[in-house]
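Residue-level structural notes
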Amino acid sequence: MTQTSQRPLRVLAAMSGGVDSAVAAARAAEAGHDVTGVHLALSANPQSFRTGARGCCTIEDSRDARRAADVIGIPFYVWDLAERFREDVVDDFVAEYEAGRTPNPCLRCNEKIKFAALLDKALALGFDAVCTGHYATVVLKDDGTREMHRASDMAKDQSYVLGVLDEKQLAHAMFPLGDTLTTKDEIRAEAERRGLAVAKKPDSHDICFIADGDTQGFLAGRLGGPSEGDILDESGAKVGTHEGAFGFTIGQRKGLRIGHPAPDGKPRYVLDISPVNNTVTVGPVEALDVTALTAIRPRWCGAAPSGPGTYTAQLRAHGGETEVTAELTDGTLHVAFTEPVRGVAPGQAVVLYDGTRVVGSATIATTVRREKAAATG
């Protein structure tokens, strides 16, 4: 059964200033819970974050959240978590790219900020749960344990970025939008019926703390500016130059600025990134085929699996599922794909599912390619 409560709860609603979190807070209040809204100030200088209603942490977002709370009729506060956000999300993002890995800052924010720092503070203040506008479902089982499942509407499912939550955190998580089969247009229509001015506000995209959307420029500013290096083909021959290995991601095709075409005339893709010698290796798309991976720092939405098992895996926030076998050995998750997959990069998260149930999440450390069956990372 889905998570329900026979008594009103003291609920802290995280309000980003967007339509989803506003409707979630409104639904929680309408259900009879004692709801308090809170907007997280995640930058010492919010003007450095995205503007134009594209981020989730700007000054205008905090004003939108406050107006929504006023309409709902709930108390509202702004909490300063800028230092924690910088340490756990921004600095982590930069360090991962510097090491040649591809991080997911939204996943890290959910783990470290919304369901660690925020939840810890909420529980210390006597709240029972944190409510967000994520699309996922928490199921309370007859034995009192909880599971997280995909949202009823797969098109909006956000369980991938919530796969880092453990059972203790799930016990205090509330996702009012997750078990309702409604389109985003219907959510907006509901917001309009409730008189919420954010009804027509665009969804947030991109990385909120990179004001102009220029990830490479942001990283260059943090990592010492352009640092010219070589672009190599699979044989080790130089085919071009770049201005910093941190500006590339595995699977990237555009922006390589290679001077001459490949011998077969086909496009080339980033295969490997080596920050140690500042090189980027490129090759044909089929060289991206990955047959297996290892992942570290697993986090389980319940008990850790024992022995080998068959699951489906999701490798990116808006990606599809693929069949895998997986086994946890000495804290490392070993995953083998039934069919090769592409665009898998160290630093990304692999999230395992058993049907719609989220089993857990881990950070990809190495991959095994089909052609050479050699670990990369």
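Each value, and the rule that gives it
- Residues numbered from 1 in each chain as written.
- Predicted model: local features only at pLDDT ≥ 70, side-chain atom pairs only at ≥ 80, totals over all residues.
- Heavy atoms only, no water.
- Helix = DSSP H or I, 4+ residues; strand = E, 2+ residues; numbered from the N terminus.
- Rg over C-alpha atoms; globule rule 2.2 N^0.38 Å.
- Buried < 20%, exposed > 50% of the residue type's maximum accessible area, 1.4 Å probe, protein only.
- Contact = heavy atoms within 4.5 Å.
- Areas by Shrake-Rupley, 256 points an atom, 1.4 Å probe, with all protein chains shown as cover.
- Arc of directions from axis to C-beta.
- Pairing = 2+ DSSP bridges.
- Axes fitted to C-alpha atoms, helices over the stretch in contact; angles between N-to-C directions.
- Parallel < 35°, antiparallel > 145°, perpendicular 65-115°, else oblique.
- Left-handed = near helix turned anticlockwise from the far one by under 90°.
- Nonpolar A, V, L, I, M, F, W, Y, C, P; charged D, E, K, R; others polar.
- pLDDT = per-residue confidence, 0-100.
- Polar contact = N/O pair within 3.5 Å; in protein donor to acceptor, adjacent residues only side chain to side chain.

Turning to the overall build of the protein chain, a few remarks are in order. Counting secondary structure elements, the protein chain contains seven helices and 18 strands. For a compact globule of 377 residues, the expected C-alpha radius of gyration is about 21 Å, and the protein chain comes in at 22 Å, within 12% of that figure. Counting only C-alpha atoms and orienting by the principal axes, one finds that the protein chain spans roughly 65 × 50 × 35 Å. The buried share of the protein chain, reckoned over its 377 residues, is 51%. Counted over contacts in the protein chain with a minimum sequence separation of 6, partners at least 24 positions apart contribute 65%. Of the accessible surface of the protein chain, which amounts to about 17,000 Å², a share of 49% is contributed by carbon and sulfur atoms.

So, about helix H6 (residues 184-193). Among the residues of H6, Lys184, Ile187, Arg188, Glu190 and Ala191 are the ones counted as buried. The arc enclosing the buried residues of H6, seen along the axis, measures out at 155 degrees, which places them on a common side. In this structure, H6 carries Asp185 and Arg193 as exposed residues pointing more than 90 degrees from its buried face. On its buried face, H6 is in contact with helix H1 (19-30).

What follows deals with the sheet that holds strand S2 (residues 34-41). Pairing is parallel across the open sheet formed by five strands, whose spatial order is S3-S2-S1-S4-S7. Looking at the sheet topology across the chains shown, the edges are occupied by strand S3 (76-80) and strand S7 (173-174). The sheet contact formed by S2 and S3 spans five bridges and is parallel. Paired with Ala41 across the two strands is Asp80, which belongs to S3.

Running from N to C, H1 and H6 cross one another at 60 degrees; their axes reach a closest spacing of 10 Å. Judged by the angle between their axes, H1 and H6 are oblique. Relative to H6, H1 is oriented so that their crossing is left-handed. For the pair formed by H1 and H6, the contact residues are Val19, Asp20, Val23 and Arg27 on the first element and Lys184, Ile187, Arg188, Glu190 and Ala191 on the second. Classifying every residue of the contact of H1 with H6 by side-chain character gives four nonpolar, no polar and five charged.

For the protein chain, mean pLDDT is 87; residues scoring 70 or higher make up 91% of the total. Mean pLDDT values for the elements of the protein chain range from 47 in strand S18 (residues 375-376) up to 97 in strand S1 (residues 10-14). Below pLDDT 50 for its whole length, residues 48-55 participates in 33 contacts with residues either more than four positions away or in separate chains. Counted against residues more than four places away or in other chains, residues 373-377, with its pLDDT under 50, gives 14 contacts.

Further remarks concern the side chain of Thr137. By secondary structure assignment, the location of Thr137 is in strand S5 (residues 136-140). Within polar-contact distance, the side chain of Thr137 engages the backbone oxygen of Gly178 at 3.2 Å.

The next subject is the packing of helix H3 (residues 82-98) against helix H4 (residues 105-124). At a closest axis distance of 10 Å, the pairing of H3 and H4 adopts a crossing angle of 160 degrees. Classed by the angle they form, the pair H3 and H4 counts as roughly antiparallel. As H3 runs across H4, the sense of the crossing is right-handed. On the side of H3, the interface is formed by Arg84, Phe85, Asp88, Val89, Asp92 and Phe93, while H4 contributes Pro105, Arg108, Cys109, Lys112, Ile113, Ala116 and Ala117.

Overall, mixed pairing links the four strands, which are arranged S9-S8-S11-S10 in an open sheet. In this open sheet, the two strands that pair with only one neighbour each are strand S9 (238-242) and strand S10 (269-274). Here the strands of the sheet are splayed against their neighbours by 30 degrees on average, with no regard to which way each runs. With five bridges connecting them, S10 and strand S11 (residues 279-283) associate as antiparallel partners.

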